[in-house]
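A closer look at the structure
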Amino acid sequence: MAIIKHIKSRNANYSDALEYLLFQHNEKTGKPVLDDSGRKILREEFYMDGLNCDPMSFDKECERTNQFFHKNQKRGDTKSHHYIISFDPTDATDCGLTGEKAQALCLEFARKNFPGYQALVVTHTDGHNGSGNIHTHIVINSVRKYAVDRQDYMDKPHEHEAGFKHRSTTRFLNHLKKEVMEMCDREGLHQVDLLSPAPAKITREEYWAQTHGQDQMDKTNEKIRAAGLKPASTVFQTQKQFLRDAIDDCSQLSESFDEFQSLLLDKYNISVIEKRGSYRYLHPDRDRRISSESLGANYGKAYLELQFQNHSLDKVRPYESTHRTENIANLDYHADPFMIFFVKSELRLVTDLQTNIKAMQNQAYARKVKISNLQQMADTLIYIQDHGYDTREDLKKQETDIRLRMEEAQEHLSDLSSKMKDVNAQIHYTGQYFASKPIYAEFLKSKNKKKFRQDHLSEIKSYEEARDWLKAFYPNGKMLSMKILKSQKAELQKSIDTQKSVVKQFRDYHKELEIAGANVDAILGMKEPLVHNSYKQPAQTEKSKNNTQHKKKEDETL
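Quick caveat, the model's predicted, so the values are computed rather than measured.

1. Notes on the packing of aromatic side chains
- Overall, the coordinates contain 17 aromatic pairs when judged by the stated rule.
- With 6.4 Å between their ring centres and 75° between their planes, tyrosine 83 and phenylalanine 172 make a pair best called edge-to-face. With tyrosine 83 in strand S3 (residues 80–86) and phenylalanine 172 in helix H5 (residues 170–187), this pair connects stretches of sequence that are 89 residues apart. With respect to burial, tyrosine 83 and phenylalanine 172 carry one shared label: buried.
- A centroid spacing of 4.9 Å and a plane angle of 35° characterise the contact between phenylalanine 257 and tyrosine 279, whose relative ring orientation is tilted. Taken as a pair, phenylalanine 257 in helix H8 (residues 257–268) and tyrosine 279 in strand S7 (residues 278–282) lie far apart in primary sequence, 22 residues in all.

2. Section: the environment of aspartate 54
- Mapped onto the secondary structure, aspartate 54 falls in the loop between strand S2 (46–51) and helix H2 (58–69).
- Note: C-alpha distance between aspartate 54 and leucine 120 (66 residues apart in sequence) is 8.7 Å.

3. Concerning the nonpolar core
- Within the largest apolar cluster, 32 residues are counted, with the highest numbers of intra-cluster contacts made by Tyr83, Ile85, Phe87, Phe109, Phe114, Ile138 and Val180.
- For this core, the secondary structure elements donating two or more residues are S3, helix H4 (99–113), strand S4 (119–124), strand S5 (135–141) and H5.
- If near-sequence neighbours (up to four positions away) are discounted, valine 180 is found in contact with Ala2, Ile4, Ile85, Phe109, Gln191 and Leu194.
- Residues Met420, Tyr474, Leu492 and Val503 belong to the second largest nonpolar core, which totals 31 residues.

4. Some details on the packing of H4 against H5
- One can describe the packing of H4 onto H5 by two numbers: an axis separation of 12 Å at closest approach and a directional angle of 140°. Note that H4 runs across H5; the crossing there is right-handed. Facing H4, whose interface residues are Lys101, Leu105, Phe109, Lys112 and Asn113, H5 presents Phe172, His175, Leu176, Glu179, Val180, Met183, Arg186 and Glu187.

5. Digging into helix H6 (residues 204–226)
- Helix length check: H6, at 23 residues, gives a terminal C-alpha distance of 33 Å against a target of 33 Å (1.5 Å per residue), a fit within 8%.
- Along H6, the residues classified as buried are Glu206, Trp208, Thr211, Gly213, Gln214, Asp215, Met217 and Asn221.
- With its phi angle positive at about 85°, glycine 228 sits one or two positions after the end of H6.

6. Notes on the side chain of serine 291
- Examined against the element boundaries, serine 291 turns out to sit in strand S8 (residues 290–291).
- Not counting residues within four places of it along the chain, the set of residues in contact with serine 291 comprises Tyr279 and Arg280.

7. A closer look at the sheet that holds S5
- Here 5 strands make up an open sheet; going across it, the order is S1-S3-S5-S4-S2 and the pairing antiparallel. The sheet is open, and its two edges are formed by strand S1 (3–9) and S2, each paired on a single side. Adjacent strand axes in the sheet meet at a mean angle of 15° when their direction is disregarded.
- Packed onto the sheet, H2 meets S4 and S5 and runs at close to 30° relative to S5.

8. A look at the pairing of S3
- For S3, a buried count of 7 out of 7 residues is recorded, marking the element as mostly surrounded by other parts of the structure.
- With burial as the criterion, each face of S3 is covered, one bearing Ser80, His82, Ile84 and Ser86 and the other bearing His81, Tyr83 and Ile85.
- The pairing of S1 with S3 spans 7 bridges and is classified as antiparallel. Bridged to isoleucine 7 within S3 is histidine 82.
- Note that S3 and S5 share 7 bridges and pair antiparallel. Residue isoleucine 84 lies in a different strand from S5, and its bridge partner there is histidine 137.

9. Some details on the pattern of salt bridges
- In total, this model carries 19 salt bridges according to the counting rule given.
- Residue lysine 486 pairs with aspartate 185 through a salt bridge whose shortest N-O separation is 3.8 Å. Here lysine 486, found in helix H16 (residues 482–524), pairs with aspartate 185, found in helix H5; they are 301 residues apart in sequence, far enough to count as distant.
- Residue aspartate 185 is classed as partly exposed on the basis of its relative accessible area of 43%.
- Residue lysine 451 is joined to aspartate 455 by a salt bridge in which the shortest nitrogen-to-oxygen separation is 3.0 Å. Of this pair, lysine 451 and aspartate 455 are both found in helix H14 (residues 449–455), 4 residues apart, which corresponds to roughly one turn of the helix.
- Among the residues examined, lysine 451 registers a relative accessible area of 46% and is labelled partly exposed.

10. Digging into the confidence of the model for the chain
- Overall, the predicted model of the chain reaches an average pLDDT of 81, with 81% of residues at or above 70.
- Across residues 316–350, where pLDDT falls below 50, the model places 58 contacts with residues more than four positions away in sequence or in other chains.

11. Let's talk about the sheet that holds S7
- In spatial order, the strands read S6-S7-S8; together these 3 strands make up an open sheet with antiparallel pairing. Looking at the sheet topology across the chains shown, the edges are occupied by strand S6 (271–275) and S8.
- Relative to S8, S7 is paired through 2 bridges, and the arrangement is antiparallel. Its bridge partner being in S8, tyrosine 281 is matched across the sheet by isoleucine 290.
- Set on the sheet, H8 makes contact with S6 and S7; between it and S6 the angle comes to about 145°.

The rules behind these values
Residues numbered from 1 in each chain as written. Predicted model: local features only at pLDDT ≥ 70, side-chain atom pairs only at ≥ 80, totals over all residues. Heavy atoms only, no water. Phe/Tyr/Trp six-rings, centres within 6.5 Å; stacked < 30°, edge-to-face > 60°. Helix = DSSP H or I, 4+ residues; strand = E, 2+ residues; numbered from the N terminus. Buried < 20%, exposed > 50% of the residue type's maximum accessible area, 1.4 Å probe, protein only. Core = buried A, V, L, I, M, F, W, Y, C linked by side-chain atoms within 4.5 Å. Contact = heavy atoms within 4.5 Å. Axes fitted to C-alpha atoms, helices over the stretch in contact; angles between N-to-C directions. Left-handed = near helix turned anticlockwise from the far one by under 90°. Expected span 1.5 Å × (residues − 1). Pairing = 2+ DSSP bridges. Salt bridge = Lys/Arg side-chain N within 4 Å of Asp/Glu carboxyl O. pLDDT = per-residue confidence, 0-100.

Below is the structure:
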C-alpha cells in the first residue's frame, strides 16, 4: 500500500533539505555519511526534478521568493512543507514499479496538487533503513510563487494567489490521500483505504522514540554482558506500545467495560476511564492520560465495545461458575497469594520479570507481578482441565495439529497472493499497453520513424514492453478487459481478506496452546520458569569456595 506523510519545517536554510535528498544520511543520527576522506557520499540511486525552479538552486530561489513577498522573515514561521509518498515494498516485484516510474507519477502528482509553488521532487529506491521500498519526497516552499486557478480543495481565502502561504489542513490532506489512492488504483499498485482510521496509530515521534530507546538499551546491555551478567530486557517498548499490548490482551478476556477496566488495573496497573465518549488510559509511569485516538482505532470506545459484545454473545457462562466467582470476589490474594489457586479465570500470558523494567526498579511492584503470575499459572491449570487435556502429550498433540492446519491455511493464502500478483501484473501491463498505443500508432504512420522514435522513445518502449508481456501471457491473443481484471481483483481481494482471518484464528489458537504448554513446562520444572529473580548472585571465587567447604566441615564436627 502507498501512504503519504506530511512534515512541516521552520528551518530557514533550504540547503539542508537539498543536502538530505542528494546525500546519504544515517537514519538514526540524521547526520551525513562520510567517506574515508571526510566527504559526503551521494545516494546510490535517485531521481530529481524541480517545479517552478531549477532543482540545484532550489534553496536560493526559495529565499528570493520569500524576500520578494516579505514572507517567512520570522523564526517561528513555517518555511517549507515536506510530503513523502511511500509505495508498498512489493510494488517493485509484483507490479513492476521502478524509481523512474515512481518519479514520473509523483512529478505529475506534484504538478496537479501544488501548482504555483516551488517544489523539489526526489525519488529514492533504498527505502528507510534499507527496507527497499520506493518513496518520493516532495518539498515545497511555503509561499506560492505564481497565482493559479482556485481549486475545490482550497478552503482558505486568497490561497490561490501569489505570495500567500500554503496551509496543510485536514481537508487538504484527505484530498491528497484520495489522489494517492486513485493514482495507485489507476497504475495497478497495492493500495488500501487511507481515509479509514489506522488500527494502530504510530506517529513519527513514537517511531523515533522507539528507535532511539532501542539503541540506548542495546548499548546498556553490552555493558551488562561485559560484566558477566544477563540483561533484564532486550526489547525497548514505548509507553503507547505498552498500552496497546495490554489493551489487546485484556480486551480479549472481557465482556464489559467494567471487566476490562478491572483487568487492566489488576494485571498491568493501567487505569482507564470514559470521558466525553472516549476512553482515556493512564500509564503506570505517567501523570497525564493518553487518549484512545492517539493509540489507534482498535483502542477506542466503539471498537472495544463491539469486541465486548461479541465476547458476551460467543460465551455463555454457567451459573455455577458465576456463583463461584461471586463467592470468591472478596478473597484478598494480595495478602495471601495462595488464595489465587481457588480463583477460576481465563488463560493469560505470564509476565517475564526480565522484560519489565519497572519491576526491576521497584520491589513492591515486582511482588505484585509475581502474584499476578501465580494467578496466570492457576489459569493455565484451569484451562487444561476445561479443555480435557489429560497429559502433556495431549496438549502437545493438539498444538501440533493446529500448527499443521495453520500452515495449510498459510499455504492457501500464499497461493491467493500469487494469483493476486498475476492479476496486478495484467492490470499494469494492460493499462500501459492502451496508454501508449496511440503514440505507437502514430509511430507506424510516421514517415521519419527514426526521428519519431527518438522523440517518443519512452512511450514506444513502454508499448513494446507491454505488448511483449501480454503476448507471452495470452498465447491465444485474447486479452481480458480492464473491467474484468478489476472485477477479478476485487473478488480475489475478498478471498484473501477471508483467508487472512482464517490464518489469524489458527495463529491465535496456536499461540494460546503454546502459552499453555510453556506455562505447564514451567510449573512442572521442565525448563527454566518464566518467573524468577532478575539479578543473579555473583559466581564464587576459588577462595570463597574453600572457605565455604572449610566452614561446612567445622559445622559437621560440631
